[in-house]
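Residue-level structural notes
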Amino acid sequence: MRAHELTVGRTFGVTFDHGEDFFEALSTCCRDNGVRQGYIPSFIGAFAEAEIVGACEKLEDPDAPVWAKTYVTNVEAFGAGTLAHDPATGGILPHIHVSAGLKAQSADGRTSHLLSAKVQFLSELLIVEVTSPTMTRPRNADLYDVPLLTFG
């Protein structure tokens, strides 16, 4: 377990518009407002299409992370995540999870790591900036090369 007290800065209310790429809009918002790291306590919205982590086949190693993706369309989404600083690019490294209801299938749900999404109508979110410590996401070679959030 790792824990660190966070010093928070500004809070932004943000809306993404119909047709926007969710992650491009998120990166643009952070870049335009000088946000290097932070967290999204929650967001709501709809996606015309999205890719989330998931597999339909039997997993060879159930303890390993799943790198496969599932494609969904026309979903209502609720999510949250963290934004780490990418020292190599100066940008952000988002880690977002969503619960998404498939509108055309009785709102049947999927919950997983969000890989990509195209906004349908709107997405509304809060971004809370973290001013310290530095939050990064280095890959852990001893743990399937998974990028893990670190502080300081």
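The name an unreviewed UniProt entry gives the protein is DUF296 domain-containing protein, with Streptomyces dangxiongensis as the organism.

Regular strands place side chains that alternate from one sheet face to the opposite one. Strand direction decides the pairing type here: strand 3 (residues 69–85) and strand 4 (residues 92–102), joined by 11 bridges, are antiparallel. Among the inter-strand pairings, Val75 is bridged to a residue of strand 4, identified as Leu102. From the end of strand 3 to the start of strand 4, which pair antiparallel, there are six residues, and Gly90 there has a positive phi angle of about 80°. By the bridge criterion, six bridges tie strand 4 to strand 5 (residues 108–132) in an arrangement that is antiparallel. Each residue of the ladder has a partner; that of Gly101, found in strand 5, is Gly109. Connecting strand 4 to the next strand, strand 5, in antiparallel fashion are five residues, including Ser106 with a positive phi near 55°.

The rules behind these values
Residues numbered from 1 in each chain as written. Predicted model: local features only at pLDDT ≥ 70, side-chain atom pairs only at ≥ 80, totals over all residues. Heavy atoms only, no water. Pairing = 2+ DSSP bridges. Helix = DSSP H or I, 4+ residues; strand = E, 2+ residues; numbered from the N terminus.

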